[in-house]
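Observations on the three-dimensional arrangement
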Amino acid sequence: MKTNWDYTHLYSGVEAWETDYHNVEQQLVKLEQQINADTLDYNHFIAMITTQFQIEETIERLYCYGKRHVDQDSTDEIMTTLSQRAWSLYAKLLQLKTQLEAYIIKHRPDMKAWVNRPEVQSYQPYLETIFKQQQHIISKEQQSALEVLTKQQTSIQRLYRALMEQDIVFGTFVDQNGKTVESNPSNAERYMKSSNQEERRDAFLANLAGYQQLQHSMAYLYNMKLDQEIALAHLKQYDSVLEMKLDQELLPADIVTKLIETVLKHLDPLHRYYKIKKRVAGLKQYHHYDKVLPLGVISTQHYELEEAIDIIKQALSVLGSPTLAYIDQALAEGWVDFFEKPHKRKDSFTAISYTGVPYVSVNFRHNYQSLKTLCHEFGHMIHTAYAKEHQPFVTF
């Protein structure tokens, strides 16, 4: 069983990465030339749309290779640069995709006639989405404005990732055993389940201190992001950012407001539950850091990694042998990084992407919470593996 990620599911090394990077640069030039030719021809259309998705899939692989390394070591400047270079390619592709969408709208009658041909079947959902969003497609004259907004988006995302993955420093507190502990995302919840309210409070405040330290930078980035999204919504002729975001998923604009209204009308059961929890726990005051306090006894059992995996496999066996086969494959092929290490991301997550494998990252601490977290992430991993097995990249 491998306990660290095997990056060769993406690339054998930086040299192979560079080869794909330069190939994509050439493909982007080719795609731009194809779009600018504005030729109304079925074979020309198939060549363009195929090239677009080939480029997009390769860019995802390029980005994931650098980003997965940075997930394990945020100080890796070489891999940080690789992920940023890949993102720059994607920004260029977004501009070309907008031009291709304008081409599709311009020649919509012919596209409608082609949509049922065998070669177009896998692209049909993509084309139908463009047809439905026709009035919001950016024109050729608006491309320069889109380019500015895309560059702003890239800068904001880079800065935010740097804050969350490199600059943030979480506070420390003294636990019940007199040990000084950093309250980071990988252990804060464990301490917030402590039976001691003071320990829960100290863990919560120490965790919060990391974000408070960056509150002004985060607020500035948030405002920048809002301005960028509002400008993009206006450019695409949407009445609001919310409408734009929901339309990307083909959802009605009022679905969120209806959801909020429904939740607000039915808060009484939640409030009653908190009151019961406060009474059962014997608390004089109920705070935010008391929300995850379990009402039952917390297991203190020690689990070896192999034992935890056996328990998870037994629990998931009801889903059938293919599910267990995915777990065995993941363990044998290095899909999972199990243990904490310096500069590794503190939170647990599954990297959901079509290229490579669904990499899982956890910080296994041999306790019940770690077992639950690993099982949770295995669920995301298996879902992603199934989705990839049964879908092409276009509809993933």
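Residues numbered from 1 in each chain as written. Predicted model: local features only at pLDDT ≥ 70, side-chain atom pairs only at ≥ 80, totals over all residues. Heavy atoms only, no water.

Moving on, we come to the overall build of the protein chain. When you go through the protein chain residue by residue, the secondary structure sums to 15 helices and five strands. Principal axes of the C-alpha set define a box for the protein chain whose edges measure 75 × 50 × 45 Å. Residues classed as buried in the protein chain amount to 41% of the 396 residues present. For the protein chain, contacts bridging at least 24 residues in sequence account for 70% of all contacts bridging at least 6. For the protein chain, the exposed area adds up to about 21300 Å²; of that, 53% sits on carbon and sulfur atoms. Taken as two groups, the 42 positive and 50 negative side-chain charges of the protein chain have centres that lie 6 Å from each other. (Helix = DSSP H or I, 4+ residues; strand = E, 2+ residues; numbered from the N terminus. Buried < 20%, exposed > 50% of the residue type's maximum accessible area, 1.4 Å probe, protein only. Contact = heavy atoms within 4.5 Å. Areas by Shrake-Rupley, 256 points an atom, 1.4 Å probe, with all protein chains shown as cover. Lys, Arg positive; Asp, Glu negative; His and termini not counted. Charge placed at Lys NZ, Arg CZ, Asp CG, Glu CD.)

Contact geometry of helix α6 (residues 143-167) with helix α9 (residues 215-235) gives a least axis separation of 10 Å together with a crossing angle of 155°. Considering their axes alone, α6 and α9 lie roughly antiparallel with respect to each other. Both α6 and α9 take part in a crossing whose hand is left-handed. Contacts between α6 and α9 involve Ala145, Leu146, Leu149, Gln152, Gln153, Ile156, Leu159, Tyr160, Leu163 and Met164 from the first element and Ser217, Met218, Leu221, Met224, Lys225, Gln228, Ala231, Leu232 and Leu235 from the second. (Axes fitted to C-alpha atoms, helices over the stretch in contact; angles between N-to-C directions. Parallel < 35°, antiparallel > 145°, perpendicular 65-115°, else oblique. Left-handed = near helix turned anticlockwise from the far one by under 90°.)

Orientation of helix α1 (residues 14-37) relative to helix α3 (residues 77-106), taken along the N-to-C sense of each, is 15°, at an axis distance of 10 Å. Our classification of the angle between α1 and α3 gives roughly parallel. Note that α1 runs across α3; the crossing there is left-handed. Here α1 contributes Val14, Trp17, Glu18, Tyr21, Val24, Glu25, Leu28, Leu31, Glu32, Ile35 and Asn36 to the contact with α3, which in turn contributes Met79, Leu82, Arg85, Ala86, Leu89, Lys92, Leu93, Leu96, Gln99 and Leu100.

Take helix α15 (residues 368-390) next. One full turn of an α-helix is made of 3.6 residues, so residues set three or four places apart face in the same direction. Under the 1.5 Å per step criterion, the end-to-end length of α15 is 33 Å for 23 residues, consistent within 8% with the ideal 33 Å. For α15, every residue scored as buried is listed here: Gln369, Ser370, Leu371, Leu374, Glu377, Phe378, Met381, Ile382, Thr384, Ala385 and Ala387. (Expected span 1.5 Å × (residues − 1).)

The next point concerns the packing of aromatic side chains. Applying the stated criterion across every chain yields a total of 21 aromatic pairs. With a centroid separation of 5.5 Å and 70° between ring planes, the pair formed by Phe170 and Tyr211 is classed as edge-to-face. Of the two residues, Phe170 sits in the loop between α6 and β1 (172-174) while Tyr211 sits in helix α8 (residues 197-213), which places them 41 residues apart along the sequence. Both rings, one in Tyr273 and one in Tyr274, keep their centres 5.9 Å apart while their planes meet at 45°; by these two values the pair is tilted. For Tyr274, a relative accessible area of 23% translates into the label partly exposed. Through a chain of ring-to-ring contacts, three or more aromatic side chains come together here, namely Trp5, Tyr7, Phe349 and Tyr359. When the ring centre of Phe349 is taken as reference, the NZ or CZ atom of Arg345 above it lies at 3.8 Å. The aromatic ring of Tyr354 is capped on one face by Lys388, whose charged end is 5.6 Å from the ring centroid. (Phe/Tyr/Trp six-rings, centres within 6.5 Å; stacked < 30°, edge-to-face > 60°. Lys NZ or Arg CZ within 6 Å of the ring centre and 35° of its normal.)

With that settled, consider a negative patch on the surface. A cluster of acidic side chains, namely Glu304, Glu306, Glu307 and Asp310, defines a negative patch on the protein surface. If you trace the backbone, Asp310 turns up in helix α13 (residues 305-316). (Patch = residues over 30% accessible without salt bridge, like charges linked within 9 Å, V, L, I, M, F, W, Y side chains within 5 Å. Salt bridge = Lys/Arg side-chain N within 4 Å of Asp/Glu carboxyl O.)

Turning next to the pattern of salt bridges. By the definition in use, this model includes 21 salt bridges. Taking the shortest distance from any N to any O, the salt bridge between Asp337 and Lys341 comes out at 2.7 Å. Classification of Asp337 by relative accessible area gives buried; the value is 2%. Residue classification places Lys341 among the partly exposed residues on the basis of a relative accessible area of 26%. Among the ionic contacts, a cluster of salt bridges with common partners joins Lys67, Arg68, Asp71, Glu165, Arg345 and Asp347.

All right, on to the environment of Thr75 then. Position of Thr75 relative to the elements: it lies in the loop between α2 (42-72) and α3. We classify Thr75 as partly exposed; its relative accessible area is 42%. The spacing of Thr75 and Glu306 is 231 residues in sequence and 31 Å in space, taken between C-alpha atoms. Of the polar contacts made by the side chain of Thr75, one reaches the side chain of Asp73; its length is 2.5 Å. (Polar contact = N/O pair within 3.5 Å; in protein donor to acceptor, adjacent residues only side chain to side chain.)

With respect to the helices and strands, the residue Asp167 is situated in helix α6. Since its relative accessible area comes to 41%, Asp167 is described here as partly exposed. Placed 63 residues apart in sequence, Asp167 and Ile104 show a C-alpha to C-alpha distance of 44 Å.

Relative to the assigned elements, Gln52 resides in helix α2. For Gln52, a relative accessible area of 0% corresponds to the buried category. Contact partners of Gln52, with chain neighbours within four places excluded, come to Leu31, Leu93, Lys97, Leu100 and Tyr126.

The subject of this paragraph is the sheet that holds strand β4 (residues 349-350). Taken together, the three strands give an open sheet; going across it, the order is β3-β5-β4, and neighbouring strands pair in mixed fashion. Looking at which strands have only one partner, the edges of the open sheet turn out to be β3 (336-337) and β4. Both β3 and strand β5 (residues 360-361) contribute to a ladder of two bridges, which runs parallel. Among the inter-strand pairings, Asp337 is bridged to a residue of β5, identified as Ser361. (Pairing = 2+ DSSP bridges.)

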